[in-house]
Amino acid sequence: MSSLKKYRVPVDGKFKLRKIDPGDTPFLEDSETRSRTRLEKLANDLDELQNKLHAEGRRKVLLVLQGMDTSGKDGTIRWVFSRTSPLGVRVTAFKAPNDVERAHDFLWRCHVVVPAGGQLMVWNRSHYEDVLVPVVEKFIDKDETVRRYQQINDFERLLVESGTTIVKCMLHISRDEQRKRLQERIDEPDKNWKFARTDLDVRRKWDAYQQAYEQALARTSTRHAPWHVIPADSKVHRNLMIARLLIETLEGMKLKFPPADPSLKGIVVE
C-alpha cells in the first residue's frame with residue numbers, strides 16, 4: 001500500500017496543500033462496480049480487525065475526519081463502517097462549542113470522548129476546528145495559534161503514549177466539487193436539511209480556509225500522529241482510501257484474540 005505514502009503530510013513542516021489534486025483516484029478499480037465490491041470486502045475486513053481490537057480490550061484507535069463542508073465526513077462513516085459492529089465503534093461529532101465548553105480550555109471537550117480500551121473512536125470534525133475557524137475569523141492571534149499547535153501535538157502524544165493509535169484524515173475536495181454538492185442540497189428537497197445559509201458564508205472564505213488547513217497540517221503532522229490528505233472529489237475513492245488506511249493501520253498493530261482459556265476444555269453444555 002505504498003501509494004498511501006504520497007498523501008502523508010511530511011513531519012518537517014514543509015507542505016503545500018495545492019500540490020495534492022482533490023480529483024486524484026489512485027485507489028479506484030477499473031469500474032464503479034468493481035470499486036464498490038472492493039469497498040464491501042474492505043468493510044468486512046475492517047469488521048474482523050475491529051473485532052480483534054474489541055476482544056483484546058487494551059489498545060485504542062482514534063480516527064479524525066476533517067474537511068470543508070460537503071467533503072464527506074458523514075458519508076465516510078456510513079460506508080467505511082457499514083459492516084462494523086457498533087459494540088466497539090463510537091462516533092462523536094464536534095460542533096461549535098457551547099457556553100460550558102467555552103468556559104474550559106479548547107481541548108477539554110475532546111479529552112472526555114477519547115477512545116477507551118478496545119474501542120475505535122471516530123471524530124467527525126475535531127480539536128482541529130479550534131485552529132481553523134478562530135484563525136480564519138481572527139478570533140485568536142498568531143502567538144495563540146502556535147501555542148494551540150503545540151498543545152495539540154502534546155495532547156496527541158499523551159494519547160499515543162497511553163495506547164491510542166491516531167489516524168488523521170483531511171478530506172480534500174475542490175471548490176468546484178463543493179459548489180456542485182451545495183447546489184444539490186439546495187435543489188433537492190430531501191437534502192435541504194443538510195444545507196445552512198452559513199455554508200455560503202464559509203465558502204466565500206475558501207482561500208483563507210485552505211491556507212489555515214495547510215498551516216495546521218504542516219504544524220501538527222508528527223511521527224506519532226501523521227496526517228493523510230484524502231482526495232475526495234470522488235466519494236467512492238475517498239471511502240476506499242480511508243478503508244485501506246485503517247486496515248493497514250490495524251494490521252500493523254498485530255492484533256490477536258485473547259488466549260484460549262484452558263479451564264474450559266472438556267466442558268459440555270447440556
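Note that the structure is predicted; figures quoted are calculated from it, not measured. (Residues numbered from 1 in each chain as written. Predicted model: local features only at pLDDT ≥ 70, side-chain atom pairs only at ≥ 80, totals over all residues. Heavy atoms only, no water.)

Colleague: What exactly am I supposed to notice about the packing of helix H1 (residues 32-56) against helix H10 (residues 235-252) here?
Modeller: How two helices pack is summed up by the angle between their axes together with the distance between the axes. Where H1 meets H10, the closest approach of the two axes is 10 Å, and the angle between their N-to-C directions is 30°. In terms of axis orientation, H1 runs roughly parallel to H10. Of the two possible hands of crossing, H1 and H10 adopt the one that is left-handed. Together, Ser35, Arg36, Arg38, Leu39, Leu42, Asp45, Leu46 and Leu49 of H1 and Val236, Asn239, Leu240, Ala243, Arg244, Leu246, Ile247, Leu250 and Glu251 of H10 make up the contact between the two elements. Here the residues of the contact of H1 with H10 are counted per class, giving 10 nonpolar, 2 polar and 5 charged. (Axes fitted to C-alpha atoms, helices over the stretch in contact; angles between N-to-C directions. Helix = DSSP H or I, 4+ residues; strand = E, 2+ residues; numbered from the N terminus. Parallel < 35°, antiparallel > 145°, perpendicular 65-115°, else oblique. Left-handed = near helix turned anticlockwise from the far one by under 90°. Contact = heavy atoms within 4.5 Å. Nonpolar A, V, L, I, M, F, W, Y, C, P; charged D, E, K, R; others polar.)

Colleague: How should I be thinking about the pairing of strand S5 (residues 227-231) in this particular structure?
Modeller: Within a regular beta strand, the side chains point alternately toward one face of the sheet and then the other, so they alternate between its two faces. Most of S5 is tucked away, with 5 of its 5 residues classed as buried. Neither face of S5 is exposed, since Trp227, Val229 and Pro231 on one face and His228 and Ile230 on the opposite face are all buried. In this structure, strand S4 (residues 164-172) lies alongside S5, joined through 5 bridges in parallel fashion. Residue pairing for S5: His172 is matched across the bridge by Pro231. (Buried < 20%, exposed > 50% of the residue type's maximum accessible area, 1.4 Å probe, protein only. Pairing = 2+ DSSP bridges.)

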